[in-house]
Amino acid sequence: MVDSQTTIALTEAVAVAQRGQSLFQLTVKVAPDPAWANPGVLAKLRAWEPAPKAYPLLDRPFTPHLYRPDLGELSFLIRPVGPGTRALASLRPGAQVRLTGPLGRGLADLDPNFVSRPLYLVAGGVGLAPMANLLAAQKAPARLFYGERRGQDLMDRDYLASFAPDFAAAAQDGQGYGEKGLATDLLVRALAQEKRAIFACGPPGLLAALAPLARKLGLRYFAAVEAFMACGLGVCLSCAKALTGGARIRLCQDGPVVDGLSLDWSAP
Ligand code: FES
C-alpha cells in the first residue's frame, strides 16, 4: 500500500460547490498524506454539526475526488440521496466533519506505474469521483467515458472538462449533453479503434459488464467497487465479495480497487 496512516479526526468543511443538478463537491481540511492522491482509496465521512446525534449513526464511505496538498484540502463528490449525504451536501464553511482514512487500496497499490499507462476510464454516476485525482497525476493519454441514467444528473460540463479534457458522456434517457446510451457503449466504440487498460468506478452492474469485455480482449481491468461498508476497518464483513476461485475479500481492506477479472461478479 502507498505509505499512509489511517486516522479518525474531526476536521472542518471549507466549501460546498454545486457541480450539477444533483452533484456537490464538498471540500474539507486535511492533514498531509500522499495516499489521499491514490485513485480509489476510501474515506469515511460524517457531518458532525450541529450535533452528531442529528445525523445517521454510520459514517459513509466515499472515494476522494481531488487532493490539494498545497492547500491542505481534500474534496469529495456527494450525491444527496439520503439523510447522511444530504447533511454533507448542505454543510456550511467551518462546520465540523468527522473524517476517517485513508482506508483500503487504490489504483497505485495494484499498478504503481499507472500514470505511464494509456487508460480508458469508465465512470457511472458518482463513480466520477476518483477520476480527478487520477487525471491530475496521469502522464499517458487517458480518455474518460461517463454515464448517468438521467441526463439531468450529468455533472456540469465545464467543471467536468476542467479535470477531464478528453471525455465523452452518455445518458440512458438521451437528455442533457451526453449521447443516448451507456458509458460502456462509448468504451466499446473506442476499443474498436485502440486497446487500452481500463479503470472503472461505478455501480456493480457497470463494473460487472466490463469484465467479460476486458477478458475477451486480453486487457488489464482495474475496478473501484462500490459496496455497503459498515465498519470500514475489516471487522464486520459487510463488504465481503467473492473471488472467482471462491475465496472472499473485504473491499474496505483488500479493495475497493481490485483486479476486475479476479472478482466473481455473479456472487452476492
Ligand atoms: S466494512 Fe466492515 S469489514 Fe469491510
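Just so it is clear, the model here is predicted, and its values are computed rather than measured. Numbering of residues begins from 1 in every chain and follows the order in which that chain's sequence is written. Since the coordinates come from a predicted model, pLDDT governs what is reported: local features require at least 70, and pairs of side-chain atoms require 80 or more to be given and counted, while whole-chain, interface and lining totals use all residues. The basis for the side-chain values is all heavy atoms of the structure; hydrogens and waters are excluded.

**Thoughts on the packing of aromatic side chains**
Now for step 1: Classification of ring pairs rests on two measures: the distance between centres of Phe, Tyr or Trp rings, Trp counted by its six-membered ring, which must be within 6.5 Å, and the angle between planes, read as stacked under 30 degrees, edge-to-face over 60 and tilted in between. Across all of its chains, the model carries four aromatic pairs by this definition.
Now for step 2: Geometrically, the ring pair formed by phenylalanine 167 and tyrosine 177 is edge-to-face, given 6.4 Å between the ring centres and 75° between the ring planes. Residue phenylalanine 167 is found in strand S10 (residues 167–171), and its partner tyrosine 177 is found in the loop between S10 and strand S11 (179–180); the two are separated by 10 residues along the sequence.
Now for step 3: For phenylalanine 167, a relative accessible area of 18% translates into the label buried.
Now for step 4: In this analysis the charged atom, NZ for Lys or CZ for Arg, is taken to sit over a ring once it is within 6 Å of the ring centre and within 35 degrees of the ring normal. The ring of tyrosine 159 is capped by arginine 19, whose NZ or CZ atom sits 3.9 Å from the centre of that ring. In this text, helices come from DSSP runs of H or I with a minimum length of four residues, and strands from runs of E with a minimum of two, each type numbered from the N-terminal end. Accessible area is worked out with a 1.4 Å probe on protein chains only. A residue is then buried under 20% of its type maximum, exposed over 50%, and partly exposed in between.

**Let's talk about the sheet that holds strand S8 (residues 119–124)**
Now for step 1: What makes two strands pair is DSSP finding at least two bridges between them. Ordered in space as S11-S10-S9-S8-S12-S13-S16, the seven strands form an open sheet in which the pairing is mixed. The open sheet has two edge strands, S11 and strand S16 (257–259), and neither has a second partner.
Now for step 2: Pairing of strand S12 (residues 197–202) with strand S13 (residues 221–225), which is carried by five bridges, proceeds in the parallel orientation. Counted as the bridge partner of isoleucine 198 is tyrosine 221 from S13.
Now for step 3: Where helix H6 (residues 204–217) meets the sheet, its contacts fall on S8, S12 and S13, and the angle it forms with S12 comes to roughly 165°. Throughout, a residue-residue contact means that at least one pair of heavy atoms, one from each residue, lies within 4.5 Å. Here an angle of 0 to 180 degrees is reported between the N-to-C directions of two axes, which are lines fitted to C-alpha atoms, with helices fitted over the stretch in contact.

**Regarding the packing of helix H5 (residues 183–193) against H6**
Now for step 1: Where H5 meets H6, the axes come as close as 11 Å, and the angle between the chain directions of the two elements is 15°. The angle between the axes of H5 and H6 places the two elements in the roughly parallel class. Considering only the axes of H5 and H6, their crossing is right-handed. Touching Thr184, Leu187, Val188 and Leu191 of H5 are Leu206, Leu210, Leu213 and Leu217, all from H6.
Now for step 2: Residue classes in the contact of H5 with H6 are distributed as seven nonpolar, one polar and no charged. Our angle categories are set so that under 35 degrees counts as roughly parallel, over 145 as roughly antiparallel, 65 to 115 as roughly perpendicular, and the remainder as oblique. Left-handed describes a crossing whose near helix is turned anticlockwise from the far helix by less than a right angle; the clockwise case is right-handed. When residues are sorted by character, Ala, Val, Leu, Ile, Met, Phe, Trp, Tyr, Cys and Pro go into the nonpolar class, Asp, Glu, Lys and Arg into the charged class, and all the rest, Gly among them, into the polar class.

**Quick look at the domain arrangement of the protein chain**
Now for step 1: Segment limits for the domains were obtained from an automatic or database-derived domain assignment. When cut into domains, the protein chain gives domain 1 (7–103) and domain 2 (107–259).
Now for step 2: One C-alpha centre belongs to domain 1, the other to domain 2; they are set 21 Å apart.
Now for step 3: A 1.4 Å probe defines the accessible area here, and the buried area is the portion of it lost by two parts on being joined, summed over both. Both sides of the domain 1 and domain 2 interface together cover about 2200 Å² of buried area, and 58% of this is carbon and sulfur.
Now for step 4: Residue arginine 79 pairs with glutamate 148 through a salt bridge whose shortest N-O separation is 3.0 Å.
Now for step 5: Pairs of N or O atoms are called polar contacts if they sit within 3.5 Å, as long as, within protein, a hydrogen donor faces a hydrogen acceptor (for residues adjacent in sequence, only side-chain-to-side-chain pairs). Connecting domain 1 to domain 2 are 16 residue pairs in polar contact (both at pLDDT 80 or more).
Now for step 6: Going through the elements one at a time, strand S1 (7–20), strand S2 (23–29), strand S3 (42–47) and strand S5 (64–68) are the ones with two or more residues in the side of domain 1 that touches domain 2.
Now for step 7: Sort the elements by how many residues they give to the side of domain 1 that touches domain 2 and S5 lands first, with four residues.
Now for step 8: Partitioning the side of domain 1 that touches domain 2 into residue classes produces 12 nonpolar, eight polar and three charged. Whenever Lys or Arg places a side-chain nitrogen within 4 Å of a carboxyl oxygen from Asp or Glu, that contact is recorded as a salt bridge.

**What to know about H5**
Now for step 1: Taken together, the buried positions of H5 are occupied by Ala183, Thr184, Leu186, Leu187, Ala190 and Leu191. For H5, the angular spread of buried residues about the axis comes to 155°, placing them on one side. For H5, the exposed residues set more than 90 degrees away from the buried face come down to Ala192 and Gln193. Relevant arc is that of directions from the helix axis to the C-beta atoms, nothing else.

**Describing the pairing of S10**
Now for step 1: Taken across its five residues, S10 has five buried, putting it largely inside the fold.
Now for step 2: Pairing of strand S9 (residues 142–148) with S10 involves five bridges; the strand directions are parallel. Pairing of leucine 144 across the sheet is with phenylalanine 167, part of S10.
Now for step 3: Viewed with both strands pointing away, a crossover whose connecting path from the first strand over the helix to the second turns clockwise is right-handed. Once the chain exits S9 it traverses helix H4 (residues 157–163) before rejoining the sheet at S10, and the crossover so formed is right-handed.
Now for step 4: In this sheet, S11 lies alongside S10 in parallel orientation, the contact comprising two bridges. What sits directly across from alanine 171, in S11, is lysine 180.

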